[in-house]
Amino acid sequence: MKRDYSRIAVWVCVLLVLPCLTYSQATNTAYTRRNLPAVKITTPPKIDGDLSDEVWKTVPKADTFTDVQNGSVVSEQTTAYLAYDDKYLYVGFLCKDSNPSQITARETVQDHKYASEQDSPFSNAPPKPESEDNVEIILDPFEAHRPQDVTRFSLNAIGTRSARLGGGRGSKVEWKGDWEGAVKRLPDGWSAEMRIPWGILNYPQSKTAIRMGLNFQRFQLRTHLLSMWSNIGAQGFYEQEGTWTDVQVPQEAFRSKLSLLPYLLPGLSAHGQSLGMGLDARYTITPELTAVGSVHPDFATVEAAIQSVQFSHTEQFVQERRPFFLEGRDFFNPSMKINDIGSFFYSNRIPTFDVGEKLYGKLTPTDTLGFLHTTDWGHRTDVVARYQHDHSETARSGLMLMHKSEIGDNNTVGLFDHHTRWGKAGFETWWSLTSGDNAGGNAKAFSMTYEDKLVSSAVQYYDLTDNFKVSDGYLPFNQFHGFVFATNWSNEWRSGFWRSFQFSVLPLYWKHNDGSPYLEGPQGGITFDTRSDWRFELDFTNMKFEGQRDTNVGFEIHSGATNRFRHIGLRAQIGTVGDHASTLLGPIFSTHLFRKLDVSYGGTIENRLGIAQQHILSLNYEVSPVRSFGGRIVQQNNDTNAYLFYRNSGGKGLETYVILGDPNAVRTVRGLQVKFVFAL
């Protein structure tokens, strides 16, 4: 079938020329790939936020932080310190601030900084914005130079700790590991100290000194300025991170550790009494490799993400919140950097199971493995395996195998993917084959990218045959071929009323494999943020999906855009969706009352062939960092569900949950569930 490439050629020219017309500032190489020598100490500092300990005067300092956006040396400087012994890493920060009365931090919930990271299958989703003064140490023990592999420890200006361990780790302290941190306010800024056990890190075993990737960063809310010690740039080129040199990792013999979390779940409902029980287990095979198992996991008490009632031509993506699937999840999904078409492994496809096992981590510093197996006795079995090899700091290849065995739906998928980048230009591809019930096709994709300081662009081609099927994947678009063109342009200003803007445009030209139109047209948007934390967004769509026209314009306004403690916003959209007139309103607000109570509301009201509406009201009263109670009310059209909860979790030892109702029911149900999790 002859294909019309005239419009494609025009868009290719536009996408290739635009980056060249955009102002490009050369990277200041004096502040990239920086080195910090490792120093082993015998007298550790007291972790109280005070940097007056003598040890901080004897260790090397990482100073001269630069603006991530433009590479210039910042006026409000930060100095970081790093030392270690056989048990701990010790980190210090000294943060200068010319207006210390405006140092702002509100969050008291541990790990909140990373708890709401983007969980979208589309890898061009915007990152979570920073919302308070904080500092961060970033460790890359294997020098993998990939965001999924780095480990982050952060303290905000009131001492709340957040950690994200490379590859993903469960939230239970006995699994994730504990660490210490403290801060102190100063007349000209603030300071912070951390003590991080070697035992909670994954790192290479070696009898000789090694190198590790290293960086320090600070966010200052008053100026909305993100600064780094070794500047990886706004596009996040991790090969430009710093290096911690001559590190002598602990030499004592490694001992494998087994952690068990059995649980009991007594319940009371209209159907009578019930008692559930199960077990989660974690086994550290080596410092680099971890195994996880689960027997009769409890998903009923996990508050699932709620799908929007807004009309969509395709299946909507729902975030995963079940702990078993979150553990090590970064090891299981290949994706392209800009505008992937979905996810080859979508764990929500597995509703429940009786027994599950996971193995993930590093086989060598350049070889990564992820393996998952679940069995629902008598019904289905699912297997996912992924291997990845890093050829260099900017090139890697991977293999993936997935298999689902169920009566009427046996499906096997094989995948090869490759990703490489030369400076600002990159190339990515994946090839996949399927077999099984109603399957036997193949798919391939190619992507060329360009990433500058202010602009990112991509030209991508997809070709998925009609019998290409991935039973455990999320591929809302299938059985087509065509091109995607993506450009994202952003900038920040360090003074004046406006703080930043971002503009994106995404034209698609996809056809069914018989040549008939599938999805064609552009969509895009522009966002402006003010220095007083207002946000204004305008987006547009002018596309045809299966011959149906979507032409609409949307507008959003937010006050306190980065402040969940005092945020109010409204989204409005008007136009045509699927050849039918459509209007949408979406109010949202959140506030913090009495220093303990969080109240949030989000709503959607859409008028398209009738009214569809959704309203979600959530309350959480934090008694302490590990104890809280609250509830949620969800109304979707004519259905309403409400429940109350109490939790004592996030610390060491016994965890307790009490739930009145069912977090995931469509309508309110009468029932009581009590869950006890024991740490062995």
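Residues numbered from 1 in each chain as written. Predicted model: local features only at pLDDT ≥ 70, side-chain atom pairs only at ≥ 80, totals over all residues. Heavy atoms only, no water.

This paragraph deals with the packing of aromatic side chains. Following the criterion strictly, the structure yields 37 aromatic pairs and no others. Aromatic pair Phe483 and Phe485: ring centres 6.1 Å apart, planes at 0°, arrangement stacked. In terms of burial, Phe483 and Phe485 fall into one category: buried. Linked through ring pairs, Phe344, Trp430, Tyr462, Phe477, Phe480, Trp510, Tyr518 and Phe545 together constitute an aromatic cluster. When the ring centre of Phe237 is taken as origin, the NZ or CZ atom of Arg421, which lies over that ring, is 4.0 Å away. (Phe/Tyr/Trp six-rings, centres within 6.5 Å; stacked < 30°, edge-to-face > 60°. Buried < 20%, exposed > 50% of the residue type's maximum accessible area, 1.4 Å probe, protein only. Lys NZ or Arg CZ within 6 Å of the ring centre and 35° of its normal.)

In total, this model carries 40 salt bridges according to the counting rule given. For the salt bridge of Asp330 with Arg164, the shortest nitrogen-to-oxygen distance reads 2.2 Å. A residue pair is termed long-range when its members are at least 10 positions apart, and Asp330 in the loop between helix H4 (323–326) and strand E17 (355–364) and Arg164 in strand E8 (residues 161–164) qualify at 166 residues. Taking relative accessible area as the criterion, Asp330 reaches 21% and is therefore assigned partly exposed. Notably, a salt bridge pairs Arg282 with Glu327, separated by 3.3 Å at the nearest N-O pair. (Salt bridge = Lys/Arg side-chain N within 4 Å of Asp/Glu carboxyl O. Helix = DSSP H or I, 4+ residues; strand = E, 2+ residues; numbered from the N terminus.)

The buried count for strand E13 (residues 242–247) comes to 5 of 6 residues, which makes it a mostly enclosed element. As judged from the 3 bridges shared by strand E1 (residues 35–37) and E13, these two strands associate in the parallel manner. Among the inter-strand pairings, Leu36 is bridged to a residue of E13, identified as Trp244. Bridge count for strand E11 (residues 210–220) against E13 is 4 bridges, and the pairing is antiparallel. Note on E13: the bridge partner recorded for Ile210 is Val247. (Pairing = 2+ DSSP bridges.)

Structurally, the position occupied by Gly361 is in strand E17. You can call Gly361 buried: its relative accessible area is 3%. Counting along the chain gives 314 residues from Gly361 to Lys675, while the straight-line C-alpha distance between them is 30 Å.

Another point: the pairing of strand E30 (residues 566–577). Sheet topology places strand E29 (residues 548–559) next to E30; 9 bridges connect them, and they run antiparallel. Note on E30: the bridge partner recorded for Thr551 is Thr576. Taking the residues that link successive antiparallel strands as the turn, the E29-E30 hairpin has 6 residues, and the phi of Gly560 there is positive, at about 70°. Bridge count for E30 against strand E31 (residues 580–593) is 12 bridges, and the pairing is antiparallel. For Gly569, the partnering residue across the bridge sits in E31 and is Ile588. Once E30 ends, the chain turns through 2 residues before running back antiparallel as E31, passing Gly578 with a positive phi of about 60°.

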